[in-house]
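Okay, here's what each chain looks like letter by letter:
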Amino acid sequence: GAYVLQVKATDADDPTYGNSARVVYSILQGQPYFSIDPKTGVIRTALPNMDREVKEQYQVLIQAKDMGGQLGGLAGTTTVNITLTDVNDNPPRFPKSIFHLKVPESSQVGSAIGRIRAVDPDFGKNAEIEYNIVPGDGGNLFDITTDENTQEGVIKLKKALDFETKKAYTFKVEASNLHLDHRFHSVGPFKDTATVKINVLDMDEPPVFSKPMYTMEVYEDTPVGTIIGAVTAQDLDAGSSSVRYFIDWKNDVDSYFTIDATEGTIATNELLDRESTAQYNFSIIASKVSNPLLTSKVNVIINVLDVNEFPPEISVPYETSVCENAKPGQVIQTVTAADKDLSPAGQRFSFRLSAEASNKPNFTVHDYRNNTAGIETRRNGYSRRQQELYFLPVVIEDSSYPVQSSTNTMTIRVCRCDADGTILSCNVEAIFLPVGLSTGALIAILLCIVILLVIVVLYVALRRQKKKDTLMTSKEDIRDNVIHYDDEGGGEEDTQAFDIGALRNPKVIEDNKIRRDIKPDSLRFPRQRPPVEDNTDIRDFINQRLQENDVDPTAPPYDSLATYAYEGNGSVAESLSSIDSLTTEADQDYDYLSDWGPRFKILADMFGEEESYK
């Protein structure tokens, strides 16, 4: 009686004329599953609980026929395809009540170890099943999920199995519909339960270490060969096998430690230095003697403990200053300590004056007991003239074992300060650098000055050398027409390397190649001297000897005469040379010297007096 659909047929006859337009519906095919109302055409189900799992689709043939007319009843037909939609009216069912699985103990955590399946005759989402493990024996070791493609329950491992610990597990699995239809709650519970039994299979497993990680400690400088700890691994299989140990040689620290292959004891192989390396981290591998391929690895951490080797020292600076006008109890410097050892937590340093300095009334050390100390003055003022430097021995002691201490000498320089304590000058450099340049800056300035002086000296030397080379080049070049004189009035020494005749007549060079500044070797002309008469005038004698020497190629040159045609041209005083003068000295008039001004007054007076004497 459930409503399916309604069909309707139309008749073109006049509905007011008899029963020609009246239609009656009937089913020709589709019984006994469906029925139709002859007047309304409403189709309904004819059987209860039609099952889609038995038959899904139906074809129903419907006839519509009018009720009158001369031609009798006329009919038309149509086919209706009816598909049953699925509803969640069937619970899932396990095909068997117990499932048996065998799982190796070496199975990895998270891997699937088996599958079970419940059957649901519904379709689509109505057939989706959810699996759950009933709390009990295997709830902590196993888990189950649904394969969306096959609707199977996949059992997975949550924890590692151990045959030696437990060989079998039993638990229950429940399968239920994921989507329930409230119309079918009365049918019963839509779920089913099955039992799963898992048998653990024994496998040959690697050794197992007693700890997941080992931590050991050793003092630095421990003698080589000292045992610092041990690792332990066991074969838990039924047939227990011996275990061998060795260090993973892939690490760089393999040379610092060794391990006994049988006992697993770890010993030092080299001297350790905590200041160099404070911690070592490496791996140890254990393997079964019966099957060396089965190995396990564990991490080992070795912490190197510090031994108090080095005494503490004052941190920089080692030098400080004090003002001449300092007052007693004034802190001039705060010092701290540094220790080459890696100081443990809570390390304390103490400060005090050495025994020999405790009785001196200059300075003292105030220990603040927080690993710092202050250098305080004990006098009312200091004099730089009396003593410029003070040396203060400070003893520093640590709190480690064994106790280490050292004496550090601080240099205290007396400085001149203003009333506010600002340093004005401390040492010699302040004389030159009142603005406060440091020693390094003073050295840099002096170095720059020295470099500049060296550059100037080199420059002057190069200029002189260049000038000397130019003079030498000019003297050696016979073609040079310029004569360089080193000494004024040198006379014939100025023309040793030149033929002065070349200046008067260049053709002489072509006609006569004989140099007159050196004595020729090849030409030897006999010197013929005519007899001198007794009554010969002395002037003729001199002219005769002068002519002989002028034509003698073996004689060196004497004074030369150079004529300058334009000497003194353009000068107010004209030429002062007497070589071309046409008149004698007596004919000269020197009155014009008085007109030249005060610079020539003395010269004018000299020649004026001489004129008056004459």
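Residues numbered from 1 in each chain as written. Predicted model: local features only at pLDDT ≥ 70, side-chain atom pairs only at ≥ 80, totals over all residues. Heavy atoms only, no water.

1. Structural notes on the overall build of the protein chain
Looking only at helices and strands, the protein chain has 6 helices and 31 strands in total. Considering the protein chain as a whole, with its 614 residues, one finds that 30% of them fall into the buried category. Contacts in the protein chain between residues far apart in sequence, at least 24 positions, make up 62% of those at least 6 positions apart. With the model as given, the accessible surface of the protein chain reaches about 40,900 Å², and the carbon-plus-sulfur share is 53%. (Helix = DSSP H or I, 4+ residues; strand = E, 2+ residues; numbered from the N terminus. Buried < 20%, exposed > 50% of the residue type's maximum accessible area, 1.4 Å probe, protein only. Contact = heavy atoms within 4.5 Å. Areas by Shrake-Rupley, 256 points an atom, 1.4 Å probe, with all protein chains shown as cover.)

2. Section: the packing of aromatic side chains
Aromatic ring pairs are described here by two measures, namely the spacing of the ring centres and the angle between the planes. Here the structure, examined in full by the defined rule, presents 14 aromatic pairs. With a centroid separation of 5.9 Å and 70° between ring planes, the pair formed by F94 and F99 is classed as edge-to-face. Note on Y382 and Y390: the rings are 5.8 Å apart at their centroids and 75° apart in plane angle, and the pair reads as edge-to-face. Residue classification places Y382 among the buried residues on the basis of a relative accessible area of 4%. Classification of Y390 by relative accessible area gives buried; the value is 6%. (Phe/Tyr/Trp six-rings, centres within 6.5 Å; stacked < 30°, edge-to-face > 60°.)

3. Topic: the nonpolar core
Core analysis: the biggest nonpolar cluster contains 25 residues, and F94, F142, V173, V196 and I198 have the highest contact counts within it. When residues of this core are traced back to their parent elements, those giving at least two are β7 (98-104), β8 (112-117), β9 (129-133), β10 (142-146), β11 (152-157), β12 (168-177) and β13 (191-201). For F94, the residues in contact, after removing those within four places along its chain, are F99, I116, R117, A118, Y131, V173, A175, D192, T193 and A194. Formed by 22 residues, the second largest nonpolar core is a distinct cluster that contains Y214, I228, I259 and V298. (Core = buried A, V, L, I, M, F, W, Y, C linked by side-chain atoms within 4.5 Å.)

4. Let's talk about the sheet that holds strand β21 (residues 279-288)
The sheet built from 4 strands is open, its strands ordered β15-β22-β21-β18 with mixed pairing. Taken across any chain shown, the strands that pair with only one partner, and hence form the sheet edges, are β15 (213-219) and β18 (243-247). Adjacent strand axes in the sheet meet at a mean angle of 30° when their direction is disregarded. Looking at chain direction, β21 and strand β22 (residues 295-305) are connected through 9 bridges and run antiparallel. Within the sheet, the bridge partner assigned to I284 lies in β22 and is V298. (Pairing = 2+ DSSP bridges. Axes fitted to C-alpha atoms, helices over the stretch in contact; angles between N-to-C directions.)

5. Concerning the state of the cysteines
For the structure on display, the rule yields 2 disulfides. Across the disulfide, C323 is cross-linked to C417 (sulfur-sulfur distance 2.1 Å). Given an S-S torsion of about -85°, the disulfide between C323 and C417 has left-handed geometry. Within this pair, whereas C323 is found in strand β24 (residues 319-323), its partner C417 is found in strand β30 (residues 405-417), the two being separated by 94 residues in sequence. Residues C323 and C417 agree in their burial class; the two are buried. Covalently, C415 is tied to C426 through a disulfide, its sulfur atoms 1.8 Å apart. Judged by the sign of its S-S torsion, about 105°, the cystine formed by C415 and C426 is right-handed. (Disulfide = S-S within 2.5 Å.)

6. A short note on a nonpolar patch on the surface
Among the surface-exposed residues, I445, L446, I449 and L453 lie close enough to one another that they form a single nonpolar patch of about 360 Å² accessible area. Here L446 lies in helix α2 (residues 439-476). What makes L446 partly exposed here is its relative accessible area of 46%. (Patch = residues over 30% accessible without salt bridge, like charges linked within 9 Å, V, L, I, M, F, W, Y side chains within 5 Å. Salt bridge = Lys/Arg side-chain N within 4 Å of Asp/Glu carboxyl O.)

7. Notes on the confidence of the model for the protein chain
Predicted confidence across the protein chain gives a mean pLDDT of 79, with 75% of residues reaching 70 or more. Overall, residues 428-435 carries pLDDT values under 50, and its contacts beyond four positions in sequence, including any with other chains, amount to 8 contacts. (pLDDT = per-residue confidence, 0-100.)

8. With respect to the side chain of T222
In this fold, T222 is placed in the loop between β15 and β16 (227-230). We classify T222 as buried; its relative accessible area is 12%. Excluding residues within four positions of it along the chain, T222 makes contact with T268 and L271.

9. Looking at the pairing of strand β28 (residues 372-377)
Most of β28 is tucked away: 6 of the 6 residues are buried. Every second residue of β28 is oriented toward a common face, with T372, G374 and E376 on one face and A373, I375 and T377 on the other, all of them buried. Where strand β25 (residues 331-338) lies against β28, 5 bridges are found, and the strand directions are antiparallel. Bridge pairing in β28 places Q333 opposite I375. Summarising the sheet, strand β27 (residues 363-367) and β28 pair through 5 bridges and their orientation is antiparallel. Each residue of the ladder has a partner; that of V365, found in β28, is I375. Linking two consecutive strands that pair antiparallel, namely β27 and β28, is a turn of 4 residues; a positive phi of about 60° is found at R369 within it.

10. A closer look at the environment of H179
As for its placement among the helices and strands, H179 is situated in the loop between β12 and β13. A C-alpha to C-alpha distance of 8.5 Å links H179 and I129, two positions 50 residues apart in sequence.

11. Regarding the sheet that holds strand β2 (residues 23-29)
Pairing is antiparallel across the open sheet formed by 3 strands, whose spatial order is β2-β5-β6. Every other strand in the sheet has two partners, leaving β2 and β6 (75-83) as the edge strands with one partner each. Within the sheet, the average angular offset between the axes of one strand and its neighbour, ignoring direction, is 30°. As paired strands, strand β5 (residues 57-66) and β6 are joined by 9 bridges and run antiparallel to one another. From the neighbouring strand, Q57 faces β6, where its bridge partner is T83.

12. Notes on unusual backbone geometry
A cis geometry characterises the amide bond from Q31 onward to P32, with omega recorded as 5°. Tracing the backbone shows P32 in the loop between β2 and β3 (34-36). Phi at Q151 is positive, roughly 60°, even though this residue is not glycine. With respect to the helices, strands and loops of the structure, Q151 is situated in the loop between β10 and β11. Backbone geometry at D221 places phi at a positive 65°, although glycine is not the residue there. Note that D221 resides in the loop between β15 and β16. Judged by relative accessible area, D221 falls into the partly exposed class, the value being 39%.

13. Looking at the pairing of β25
Side-chain positions along a regular strand alternate between the two faces of the sheet. Pairing of strand β23 (residues 313-314) with β25, which is carried by 2 bridges, proceeds in the antiparallel orientation. Each bridged residue has a counterpart across the sheet, and for E313 the counterpart in β25 is A338.

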